[in-house]
Amino acid sequence: MATAPAPPVPLLDLQAQYRPLREELLAAVTRVCDSQRCILGDEVVALERELADYLGVGHALGVSSGTDALVAALMALGIGAGDEVITPTFSFFASAGSVVRVGARPVFVDIDPATYNLDVEAVARAITPRTKAIMPVHLYGQAVDMTALMAVAKAHGLAVIEDAAQAIGAKDGGTAVGGLGTIGCFSFYPTKNLGAFGDGGLVTTNDPALFERLRLLRDHGQHPKYHHALVGGNFRLDAIQGAVLRVKLPHLAAWTEGRRRNAARYRALFAEAGLDAIVTLPYERPGVYHIYNQFVVQVPDRDRVRAHLAALGIGTEIYYPVPFHRQACFANLGHPLDVFPHADAAAARVLALPIYAELAGSQLQQVVAAIGDAVR
Ligand SMILES: *Cc1c(COP(=O)(O)O)cnc(C)c1O
């Protein structure tokens, strides 16, 4: 008798997170609908306070997306035409796109091949008299070496905008990211570890004057109403997103622990299967608290392995297949193509596996067995 095929393993199962919280989430959304206070307001103020506590940072401000968090941070620091911002060439598009949107020039650096995070020594070499800021990205949920990076920034008087969109609750040396640089930027896109029911984001800072500037910029720079000392934008967060995020936030630490437990299980399973010499597992830099927004491995013949997994119903993704220096829209920046070998190698080899907290042990076994079949 043929055994039934194993059920699919999606890359992310938001239904599994939603189901146990459904009643509470619907009640929170209803509360906002009944109030008809749809933008900012009490829910967002309360969320900001709760997130500042969670992150151990002085100030937190809800904004419309992670991308807008980056744009608002650049605007608050007065970065624009003629300025350069150093950022890794291997990240989600917004890290570089936001710099171009404020009229500044992104200067790309290669990554450390072990962590996939920006190479701090390459940052030091990329500094020019026009450099105004560094934008490290805590990729996949692992903190950049902020001690080393902040030393470089301080030596040159540069601001540091942390792109922490993938790293809420991640720590370096016991301190949460977003409170280590000048401004931290987070995203509540539904696939992030703390996901809203739509777009949302957060900016954080320990600098009260910068916080005040960010607050003004979020709403067209007006204060009082219709009096504009600054040109800002509409970077406001919806009350419904605030309410949803407030229901989810008390569970975030447990979800993160679930992701970390799954990462540890993957390591054990790959080792048991004798695959740890063939499959490159994520490297955890000593002293970090990795939140595993993604569990990214490298496998030989990646695209064939990915197709094999897809045929078995196992979801994977490539974060990210094209580094910034190879994007058509950045060709005019004049970066040579052959000076970022680690980013190019990662783009060709990385594969993100399912890692969400609700995954069953049997599903992790399915993933590892399928990779074993594909690579042997
Ligand atoms: C998701 C993400 C962003 C953008 O966040 P949105 O909320 O989608 O605008 C920025 N940077 C990185 C590294 C991200 O992963």
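Residues numbered from 1 in each chain as written. Predicted model: local features only at pLDDT ≥ 70, side-chain atom pairs only at ≥ 80, totals over all residues. Heavy atoms only, no water.

Caption draft 1: Spatial organisation of helix α12 (residues 361–375). Along its 15 residues, α12 runs 21 Å from first to last C-alpha, staying within 8% of the 21 Å computed at 1.5 Å per residue. Summarising the contacts, the buried residues of α12 are in contact with α9 (239–272), α10 (302–311) and β12 (350–353). (Helix = DSSP H or I, 4+ residues; strand = E, 2+ residues; numbered from the N terminus. Expected span 1.5 Å × (residues − 1). Contact = heavy atoms within 4.5 Å.)

Caption draft 2: Region of the structure containing the site of the ligand. Neighbouring residues of the ligand: 15 residues in total, closest Gly66, Thr67, Asp163, Ser187 and Lys192. Taking Thr67, its side chain carries an N or O atom lying 2.5 Å from an oxygen atom of the ligand. At a separation of 2.8 Å, an oxygen atom of the ligand approaches a polar side-chain atom of Gln166. Taking 380 Å² as the accessible area of the ligand by itself, protein coverage stands at 93%. Class assignment of the residues belonging to the shell around the ligand gives a composition of six nonpolar, seven polar and two charged. (Near = heavy atom within 4 Å. Polar contact = N/O pair within 3.5 Å; in protein donor to acceptor, adjacent residues only side chain to side chain. Areas by Shrake-Rupley, 256 points an atom, 1.4 Å probe, with all protein chains shown as cover. Nonpolar A, V, L, I, M, F, W, Y, C, P; charged D, E, K, R; others polar.)

Caption draft 3: Region of the structure containing helix α4 (residues 66–76). Within α4, nine of the eleven residues are buried, which leaves it mostly tucked inside the rest of the structure. Restricting attention to buried positions, one finds in α4 the residues Gly66, Asp68, Ala69, Leu70, Val71, Ala72, Ala73, Leu74 and Ala76. Regarding α4, its N-cap is Ser65, as a side-chain oxygen of that residue lies 3.3 Å from the backbone nitrogen of Thr67 further along. Two residues or fewer after α4 comes Gly78, characterised by a positive phi angle close to 70°. (Buried < 20%, exposed > 50% of the residue type's maximum accessible area, 1.4 Å probe, protein only.)

Caption draft 4: Region of interest: the nonpolar core. Counting residues in hydrophobic clusters, the biggest one holds 48 residues, and the most contacted among them are Phe90, Tyr116, Tyr266, Phe270, Phe295, Leu353 and Ile371. When contributions to this core are tallied by element, the ones reaching two or more residues are α9, β11 (295–298), α10, α11 (341–349), β12 and α12. Top element by residues in this core is α12. It accounts for seven residues. Shared between two domains, this core takes at least three residues from each, and those domains are domain 1 (16–250) and domain 2 (251–375). Discounting residues that sit within four places of it in the chain, Leu353 has contacts with Leu11, Tyr266, Phe270, Phe295, Val297, Leu309, Thr316, Val367 and Ile371. (Core = buried A, V, L, I, M, F, W, Y, C linked by side-chain atoms within 4.5 Å. Domains from an automatic or database assignment.)

Caption draft 5: Representation of unusual backbone geometry in the model. Across the junction of His223 and Pro224, the peptide omega takes the value -10°, indicating a cis bond. Locating Pro224 in the fold gives a position in the loop between α8 (208–218) and α9. Here the amide bond leading from Tyr319 into Tyr320 is cis, since omega sits at 10°, within 30 degrees of zero. As for its placement among the helices and strands, Tyr320 is situated in the loop between α10 and α11. We note that Tyr116 has phi near 70°; this positive angle belongs to a residue other than glycine. Mapped onto the fold, Tyr116 is located in the loop between β3 (105–109) and α6 (120–126).

Caption draft 6: A look at the sheet that holds strand β7 (residues 175–176). With antiparallel pairing, the three strands of this open sheet are ordered in space as β7-β6-β10. Single-partner strands in this sheet number two, and they are β7 and β10 (288–289). In terms of strand pairing, strand β6 (residues 171–172) meets β10 through two bridges, oriented antiparallel. In the strand pairing of β10, Lys171 is matched with Tyr289. (Pairing = 2+ DSSP bridges.)

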